[in-house]
Amino acid sequence: PAPPPGQAPLELPDTWVASFFLAHQATEAHDSARAVSLYESLLVQWPRSLHVQSQLALARYNLRDFEEAQQRFEELLAEDPYRLDGVDTYSNILYVREEKRKLSALAHSCVSTDKYRPEACCVVGNYYSLKGAHEKAVLYFRRALKLDANFLSAWTLMGHEYVELKNTAAAVDAYRRAVEIDAKDYRAWYGLGQTYEILAMPFYALFYYRKATALRPYDSRMWCAMAGCYKQLHRRAEAIQCYHRAEKNDDREGIAFTELARLYRENGEDAQAAGYYERMVAQREAHGEAVGKELSEALFFLCTHKKSTGDLDAAQTIGQRLLDLGGPEKDQVKALLRDIQSQRKAGSGGGPPV
């Protein structure tokens, strides 16, 4: 990162200590791609360092490369099964990937190793959360905090559980404690935004989402959350800008494409809307999603748009696909296909013979 104005850049000696410092600095600054690169270089020099392996797994996790991060953590545990440092992050990965059996085995292993470590309590809490036992999950996160009142992960995870339990006051308190401990914890800022959104307070939610986005400007989820608030506040131009930022930052869920299409459709910009609906359909197909309400919505709009622009072949192909999907629009689709056939006949019969 560039130094502040008027300050000379920091020149570090070319030593292994400086390399460790720069890698740690990149992790703290949420520059995860750079952190991965630096820790991979360090791993070449220190192939048996459990710390380097753990930090590389953490950087992969922060990049949301869960598969690679999980593999790194599993290699780490295979080398040292009694190591509990960072195991709470590994349990977060298993939670996100819904690997209940592995998370159960990890929880048993951590408790048998040292049940008085906050990391072990967080692993058990994540296991109960995945099972839907949110009250028990809160109990274990509280145990983690009795063992270490400044254990950041426990405060944030407990906030998530209170959101699930619809206890918004307790969720806000937990998230606030997390940001007091570490103001760089974007998950807590994001959690505060979600909680205030549940409370139908979009201005407050937007404030906290901005904090999270400032910390993670390359995370599409932050931009989508901000855009959602702008939509609630009827500020379409800002919402469109945020969804464009999400789209440029690997929006894996495809939220940005769908929302941009809807916003452009509401603005009467049908060509733009059609373009984003097409991209959304292509993304869903690439992920193997062949059905769904949003997919039907996109196909119906595309069918209507192609018909209105005179591309009757494409409109008929899309209409036939919609019929195969079924759904409540089936009668409308049949009427649309009849109109397309009528236009075809009118077009073929209206011209001079060749």
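What you see is a predicted model, and the numbers here were worked out from it, not measured in a lab.

Basis of the calculations
- Residues numbered from 1 in each chain as written.
- Predicted model: local features only at pLDDT ≥ 70, side-chain atom pairs only at ≥ 80, totals over all residues.
- Heavy atoms only, no water.
- Patch = residues over 30% accessible without salt bridge, like charges linked within 9 Å, V, L, I, M, F, W, Y side chains within 5 Å.
- Areas by Shrake-Rupley, 256 points an atom, 1.4 Å probe, with all protein chains shown as cover.
- Salt bridge = Lys/Arg side-chain N within 4 Å of Asp/Glu carboxyl O.
- Lys, Arg positive; Asp, Glu negative; His and termini not counted.
- Charge placed at Lys NZ, Arg CZ, Asp CG, Glu CD.
- Helix = DSSP H or I, 4+ residues; strand = E, 2+ residues; numbered from the N terminus.
- Buried < 20%, exposed > 50% of the residue type's maximum accessible area, 1.4 Å probe, protein only.
- Phe/Tyr/Trp six-rings, centres within 6.5 Å; stacked < 30°, edge-to-face > 60°.
- Lys NZ or Arg CZ within 6 Å of the ring centre and 35° of its normal.
- Core = buried A, V, L, I, M, F, W, Y, C linked by side-chain atoms within 4.5 Å.
- Contact = heavy atoms within 4.5 Å.
- Expected span 1.5 Å × (residues − 1).
- Arc of directions from axis to C-beta.
- Axes fitted to C-alpha atoms, helices over the stretch in contact; angles between N-to-C directions.
- Parallel < 35°, antiparallel > 145°, perpendicular 65-115°, else oblique.
- Left-handed = near helix turned anticlockwise from the far one by under 90°.
- Nonpolar A, V, L, I, M, F, W, Y, C, P; charged D, E, K, R; others polar.

1. With respect to a positive patch on the surface
(1) Moving on: On the surface, a cluster of positive charge is made up of Lys115, Arg142, Arg143 and Lys146.
(2) Moving on: Along the polypeptide, Arg142 turns up in helix α8 (residues 134–147).
(3) Moving on: By relative accessible area, Arg142 is classed as partly exposed at 42%.

2. A closer look at the packing of aromatic side chains
(1) Moving on: Applying the stated rule across the entire model yields 15 aromatic pairs.
(2) Moving on: Taking the centre distance of 5.9 Å and the plane angle of 90 degrees together, the rings of Trp16 and Phe20 count as edge-to-face. Here Trp16 and its partner Phe20 are both found in helix α1 (residues 16–28), four residues apart, which amounts to about one turn of the helix.
(3) Moving on: Taken together, a centroid distance of 5.1 Å and an interplanar angle of 80 degrees make the contact between Phe207 and Tyr208 edge-to-face.
(4) Moving on: We classify Tyr208 as buried; its relative accessible area is 7%.
(5) Moving on: Linked through ring pairs, Trp189, Tyr196, Tyr204, Phe207 and Tyr208 together constitute an aromatic cluster.
(6) Moving on: For the cation-ring pair, Arg143 lies above Tyr140, with the distance from its terminal atom to the ring centre recorded as 4.6 Å.

3. Points about unusual backbone geometry
(1) Moving on: The backbone of Glu98 sits at a positive phi, close to 55 degrees, despite the residue not being glycine.
(2) Moving on: Here Glu98 is to be found in the loop between α5 (87–96) and α6 (100–114).
(3) Moving on: Despite not being glycine, Lys166 shows a phi value in the positive range, around 65 degrees.
(4) Moving on: Residue position: Lys166 is located in the loop between α9 (152–164) and α10 (168–181).

4. Focus on the nonpolar core
Across soluble globular proteins, nonpolar side chains have a tendency to be buried as a group.
(1) Moving on: Counting residues in hydrophobic clusters, the biggest one holds 95 residues, and the most contacted among them are Leu106 and Met158.
(2) Moving on: The contacts of Leu106, once residues within four sequence positions are left out, are Leu77, Val87, Tyr90, Ser91, Leu94 and Val123.
(3) Moving on: Core analysis: the second largest hydrophobic core is formed by 11 residues, Phe20, Ala23, Ala26 and Leu43 among them.

5. Side note on the side chain of Gln55
(1) Moving on: With respect to the element layout, Gln55 can be found in helix α3 (residues 50–62).
(2) Moving on: Beyond its immediate sequence surroundings of up to four residues, Gln55 is in contact with Thr27 and Tyr39.

6. Remarks on α6
(1) Moving on: With 15 residues, α6 should reach 21 Å at 1.5 Å per residue; the first-to-last C-alpha distance of 21 Å fits that figure.
(2) Moving on: For α6, the complete set of buried residues consists of Leu103, Ser104, Leu106, Ala107 and Cys110. Along α6, the residues classed as buried sweep out an arc of 165 degrees about the axis, all on the same side. Within α6, the exposed residues directed more than 90 degrees away from the buried face are Arg101, His108 and Ser112.
(3) Moving on: Where α6 is buried, its residues contact α4 (66–79), α5 and α7 (118–130).

7. Section: the packing of helix α16 (residues 270–286) against helix α17 (residues 293–308)
(1) Moving on: Between α16 and α17, the shortest axis-to-axis distance is 9 Å and the interhelical angle comes to 135 degrees. Here α17 runs oblique to α16, going by the angle between their axes. The chirality of how α16 crosses α17 is left-handed. Every residue of α17 that contacts α16 at Asp270, Ala271, Ala273, Ala274, Tyr277, Glu278, Met280, Val281 and Arg284 is listed here: Glu294, Leu295, Glu297, Ala298, Leu299, Phe301, Leu302, His305 and Lys306.
(2) Moving on: In the contact of α16 with α17, the residues fall into 11 nonpolar, one polar and six charged.

8. Some remarks on the environment of Tyr196
(1) Moving on: With respect to the element layout, Tyr196 can be found in helix α11 (residues 186–198).
(2) Moving on: On the basis of relative accessible area, Tyr196 is assigned to the buried category, the value being 10%.
(3) Moving on: With 27 residues separating them in the primary sequence, Tyr196 and Ala169 have C-alpha atoms 9.9 Å apart.
(4) Moving on: Once residues lying within four places of it in the same chain are set aside, the contact partners of Tyr196 are Val172, Arg176, Met201, Tyr204, Ala205 and Tyr208.

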